[in-house]
Amino acid sequence: MDTRFDTSVQELKYKILREIARGLFNDTLLEEYNEIPLRISPGPKSTTRCCVYKERAIVLERMKLALGGNKNIKNIVEVVKIACDECPLGGYEVTNRCRGCIAHRCQKACHKDAIRFDEVTRTAIIDKTKCINCGMCARSCQYNAIQNYLRPCEQSCKVKAISTNDDHSAKIDDEKCVQCGACVYQCPFGAIMDKSFIKDAIDILKDSDYSNKYPVYAIIAPSISSQFKGVALGQVVTAIQKLGYRSVIEAALGADMVSYAEAKELEEKGFLTSSCCPTFVTFIRKYFPTLADKISHNLSPMATIAKWIKEHNPNCKIMFIGPCISKKQEIKDERVAPYVDVALTFEELQAMIDAKEIDLASLEESPLDNASYYGRIFARSGGLTDAVKEALKEQGSSFEVKPISVDGLDNCRLALMKAKNGTVDFNFIEGMGCLTGCIGGPCSLTHEVKNKLDVDKYGYESKEKTIYDAIKHYQD
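Residues numbered from 1 in each chain as written. Predicted model: local features only at pLDDT ≥ 70, side-chain atom pairs only at ≥ 80, totals over all residues. Heavy atoms only, no water.

## Some points on helix H15 (residues 346-355)
Here's step 1: Taking burial as the measure, the 10 residues of H15 include 10 buried ones, the bulk of the element.
Here's step 2: Of all the residues in H15, the buried ones are Phe346, Glu347, Glu348, Leu349, Gln350, Ala351, Met352, Ile353, Asp354 and Ala355.
Here's step 3: Once H15 finishes, Glu357 follows within two positions and takes phi at roughly 55°, a positive value. (Buried < 20%, exposed > 50% of the residue type's maximum accessible area, 1.4 Å probe, protein only. Helix = DSSP H or I, 4+ residues; strand = E, 2+ residues; numbered from the N terminus.)

## Concerning the environment of Ile377
Here's step 1: In this structure, Ile377 sits in the loop between helix H16 (373-376) and helix H17 (383-394).
Here's step 2: Sequence separation between Ile377 and Pro442 is 65 residues; the distance between their C-alpha atoms is 18 Å.
Here's step 3: Look past the residues within four positions of Ile377 in its chain and what remains in contact with it is Gly383, Asp386, Val455 and Asp456. (Contact = heavy atoms within 4.5 Å.)

## A short note on the pattern of salt bridges
Here's step 1: Under the definition given, this model contains 30 salt bridges.
Here's step 2: Glu19 is the salt-bridge partner of Arg18, the closest N and O atoms lying 3.2 Å from each other.
Here's step 3: Note that Asp341 and Lys310 form a salt bridge whose closest N and O atoms lie 3.2 Å from each other. On the criterion of sequence distance, the pair formed by Asp341 in the loop between helix H14 (326-330) and strand E13 (342-345) and Lys310 in helix H13 (residues 301-312) is long-range, its members being 31 residues apart.
Here's step 4: By relative accessible area, which is 12% here, Lys310 ends up buried.
Here's step 5: A single network of salt bridges, built from pairs that share partners, joins Arg18, Glu19, Arg22, Glu32, Glu35 and Arg39. (Salt bridge = Lys/Arg side-chain N within 4 Å of Asp/Glu carboxyl O.)

## Brief notes about the pairing of strand E10 (residues 247-250)
Here's step 1: Note: strand E9 (residues 216-220) against E10, four bridges, orientation parallel. The partner of Ile220 across the bridge, within E10, is Glu250. (Pairing = 2+ DSSP bridges.)

## Some details on the nonpolar core
Here's step 1: In terms of nonpolar packing, the biggest core is built from 135 residues, with Ile20, Ile192, Tyr245, Met319, Met352 and Ile429 touching the most fellow members.
Here's step 2: Considering every element that reaches this core, the biggest residue donor is helix H11 (residues 251-269), with nine residues.
Here's step 3: If near-sequence neighbours (up to four positions away) are discounted, Met319 is found in contact with Ala201, Ile204, Leu205, Val216, Tyr217, Ala218, Ile219, Tyr245, Val342 and Leu344.
Here's step 4: Counting 15 residues, the second-largest nonpolar core is a separate cluster that includes Ile115, Phe117, Cys137 and Cys141. (Core = buried A, V, L, I, M, F, W, Y, C linked by side-chain atoms within 4.5 Å.)

## Focus on the packing of H11 against H13
Working note: a packed helix pair is described by the angle between its axes plus the distance between those axes.
Here's step 1: The geometry of H11 relative to H13 is characterised by a closest axis approach of 7 Å and an angle of 95° between their N-to-C directions. In this view, H11 runs roughly perpendicular relative to H13, as classed from their interaxial angle. Residues Ala251, Leu253, Gly254, Ala255, Met257 and Val258 of H11 lie in contact with H13, whose contacting residues are Pro301, Thr304, Ile305 and Trp308.
Here's step 2: By residue class, the composition of the contact of H11 with H13 is eight nonpolar, two polar and no charged. (Axes fitted to C-alpha atoms, helices over the stretch in contact; angles between N-to-C directions. Parallel < 35°, antiparallel > 145°, perpendicular 65-115°, else oblique. Nonpolar A, V, L, I, M, F, W, Y, C, P; charged D, E, K, R; others polar.)

## Some words on the sheet that holds strand E14 (residues 403-407)
Paired through backbone hydrogen bonds, the strands of a sheet run either parallel or antiparallel to each other.
Here's step 1: Across the sheet, which stays open at both edges, the three strands sit in the order E11-E15-E14 with parallel pairing between neighbours. Every other strand in the sheet has two partners, leaving strand E11 (272-273) and E14 as the edge strands with one partner each.
Here's step 2: As defined by bridge partners, E14 adjoins strand E15 (residues 428-432) across five bridges and the pair is classed as parallel. Note on E15: the bridge partner recorded for Ile404 is Ile429.

## Some details on the packing of aromatic side chains
Here's step 1: This structure, assessed with the given rule, holds seven aromatic pairs.
Here's step 2: Consider the rings of Phe5 and Tyr14, whose centres lie 4.9 Å apart with planes at 35°: the pair is tilted.
Here's step 3: Overall, Phe5 belongs to the buried group, its relative accessible area being 4%.
Here's step 4: Looking at Tyr14, the relative accessible area reads 3%, which means it is buried.
Here's step 5: The ring centre of Tyr214 lies 5.7 Å from the NZ or CZ of Lys317, which sits over that ring.
Here's step 6: Over the ring of Phe25 we find Lys356, and its NZ or CZ is 4.9 Å from the ring centre. (Phe/Tyr/Trp six-rings, centres within 6.5 Å; stacked < 30°, edge-to-face > 60°. Lys NZ or Arg CZ within 6 Å of the ring centre and 35° of its normal.)

## Things to note about the sheet that holds E10
Here's step 1: Strand order across the open sheet formed by four strands is E10-E9-E12-E13, with parallel pairing between neighbours. Sheet topology places E10 and E13 at the edges, where each strand pairs with a single neighbour. Pairs of neighbouring strands in the sheet enclose a mean axial angle of 25°, with direction left out of account.
Here's step 2: Relative to strand E12 (residues 317-322), E9 runs parallel, the two sharing five bridges. Bridge pairing in E12 places Ala218 opposite Met319.
Here's step 3: In the packing of H11 onto the sheet, the strands contacted are E9, E10 and E12, and the crossing angle to E10 comes to about 40°.

Given below as structure tokens:
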């Protein structure tokens, strides 16, 4: 397996993106389209499916998602139904820990008459046609003999947006989904994927190269500092420029701008939730609508710096590159759409670099010195909180910020429930949908624990000593 990726699923996804990108760059995609599954799928003796033909059919479906997916589905996350057939249905099952006791608490706890007992072994049996998966039986069993076996995608989804179709494939409730991407990363068969807009990106880059009528800017997320192992970040910046981008800008500079503005907003309002993570913002709006007015009115760092660039270069094109699926959804928001043209992931960036056969290790380093330490540490949980504290300090404010930093939707839910009920000892919620923050994003190349150290090291390398030092040249 390619050591650049955590799993073979990620590697397969990357290979498809790379082949699509190569065909687009070389204008050979149409003639090579049906050959790509042959190049990517394993041979008949190594197939992971029932047959190599199914492997190739699945690759074709993934290729469609790599080219933008179903236009009628507004959600950025889609299910590859043909790939979603290997998981057991799940639900509550009686394990071999059942002792066939005479108390029968499980049966008494069930209000649907779904539990009976084997006449020979006396062990419990769950009638799946009656069971509604309420869990009352499991909670009543003193042996913990009844377990809930959820599919990986269902288990990873903290908003219960995933259920099962009649054909046993996963089904996503778009009204519940917050585009966190956990299901995409956790599915062992890669049956859930995010749509790619790599075609849009390459079309823009090629048109810019041919016509020279507009510059293309790349805004890179600060979590990039933890991604490309074995090469310097400056070499990655050079590679991005070689793809055709006029300039590479740190989203961390937008983070500096946000922290300065958000600190003032917090002082004015007295209570605030962050607006940097689109998954967290969507989570509040869908599940805690009474707190929606507490969301910071600031755009995310990506949108903030993109807005500044577009206002000063109206004819330019802007692409964001990061670890996040929900950014692809965010750029459709009416407040953001005028400023960001395409959102890409680190997986897609790696595919584009390799499609152009750019050798990262051989490149010279290009500088990347827009942001402060505080803007760069937005990539990990707690970074925004530290930045807001620093911004208040730099602004000479005496306001006492009492923050809580939460990562992962379960932890976000607990903090928001406290805020909703008024049982709080904090006045600022920094919420991030992914565990550990952006460095845990679903489309990261790697999710190693030490990524936090890489982000902090990247922050310390900043030449800007304060947030104001970073943004003073960008103040109108």
